[in-house]
Amino acid sequence: MKPRIHPESRPVVFRDRAANVSFLTRSTAWSASTVAWEDGNAYPVIDVEISSASHPFYAGNSRVLDTAGRVERFERRYGRATAARR
């Protein structure tokens, strides 16, 4: 790697406010605010709106969509395309 062209990677705490979950990882993101972590050290903290802890897909709260009803409603509204219409 070439020196001085890559951003500095350091430990950063990402805090998901919606799920009240925090996790420590390495990142190049910068933040002026810090938080005391479980090991007693202070790390920069970045607040995120959604993470794997609060996202419906990862949390298991996803909705099942009624795709058959949507198709039927579309066909009623716009009609079924026929082979005679060329």
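Residues numbered from 1 in each chain as written. Predicted model: local features only at pLDDT ≥ 70, side-chain atom pairs only at ≥ 80, totals over all residues. Heavy atoms only, no water.

Enquirer: Go over the overall build of the protein chain with me, naming the residues and quoting the values.
Expert: From N to C terminus, the protein chain includes 2 helices and 4 strands. Put simply, 33% of the contacts in the protein chain that link residues at least 6 apart link residues at least 24 apart. Of the accessible surface of the protein chain, which amounts to about 7500 Å², a share of 51% is contributed by carbon and sulfur atoms. (Helix = DSSP H or I, 4+ residues; strand = E, 2+ residues; numbered from the N terminus. Contact = heavy atoms within 4.5 Å. Areas by Shrake-Rupley, 256 points an atom, 1.4 Å probe, with all protein chains shown as cover.)

Enquirer: Tell me about a positive patch on the surface, residues and numbers included.
Expert: There is a patch of like positive charges on the surface, built from Arg 70, Arg 73, Arg 76 and Arg 77. Checked against the element boundaries, Arg 77 lands in helix H2 (residues 67-78). (Patch = residues over 30% accessible without salt bridge, like charges linked within 9 Å, V, L, I, M, F, W, Y side chains within 5 Å. Salt bridge = Lys/Arg side-chain N within 4 Å of Asp/Glu carboxyl O. Lys, Arg positive; Asp, Glu negative; His and termini not counted. Charge placed at Lys NZ, Arg CZ, Asp CG, Glu CD.)

Enquirer: Lay out the sheet that holds strand E1 (residues 10-16) with the relevant residues and their values.
Expert: In spatial order, the strands read E2-E1-E4-E3; together these 4 strands make up an open sheet with mixed pairing. Two strands bound the open sheet, and with one partner strand each, they are strand E2 (21-27) and strand E3 (34-36). Geometrically, the sheet is characterised by an average inter-axis angle of 45° between neighbouring strands, direction not taken into account. Note: E3 against strand E4 (residues 42-48), 3 bridges, orientation antiparallel. When the sheet's bridge partners are listed, Thr 34 is paired in E4 with Pro 44. (Pairing = 2+ DSSP bridges. Axes fitted to C-alpha atoms, helices over the stretch in contact; angles between N-to-C directions.)

Enquirer: Mind laying out the pattern of salt bridges, listing which residues take part and the relevant values?
Expert: Inspection of every chain in the model, using the stated rule, returns 2 salt bridges. With a shortest N-O distance of 2.7 Å, Arg 15 and Asp 47 are connected by a salt bridge. With Arg 15 in strand E1 and Asp 47 in strand E4, the pair connects residues that are 32 residues apart, well separated along the chain. Judged by its relative accessible area of 22%, Arg 15 falls in the partly exposed class. One salt bridge connects Arg 17 with Asp 47, and the closest N-O pair in it is separated by 3.4 Å. Taken together, the residues Arg 17 in the loop between E1 and E2 and Asp 47 in strand E4 connect sequence positions 30 residues apart. Judged by its relative accessible area of 54%, Arg 17 falls in the exposed class. (Buried < 20%, exposed > 50% of the residue type's maximum accessible area, 1.4 Å probe, protein only.)

Enquirer: Give a description of the pairing of E1 that names residues and reports values.
Expert: Residues in a regular strand project their side chains so that they alternate between the two faces of the sheet. The buried fraction of E1 amounts to 5 of the 7 residues, a majority that puts the element mostly inside the structure. Of the strand pairs in this sheet, E1 and E2 are connected by 7 bridges, and their pairing is antiparallel. Bridging across to E2, Arg 10 finds its partner in Ser 27. A loop of 4 residues connects E1 with E2, the two strands running antiparallel in sequence, and Asn 20 in this loop sits at a positive phi of about 55°.

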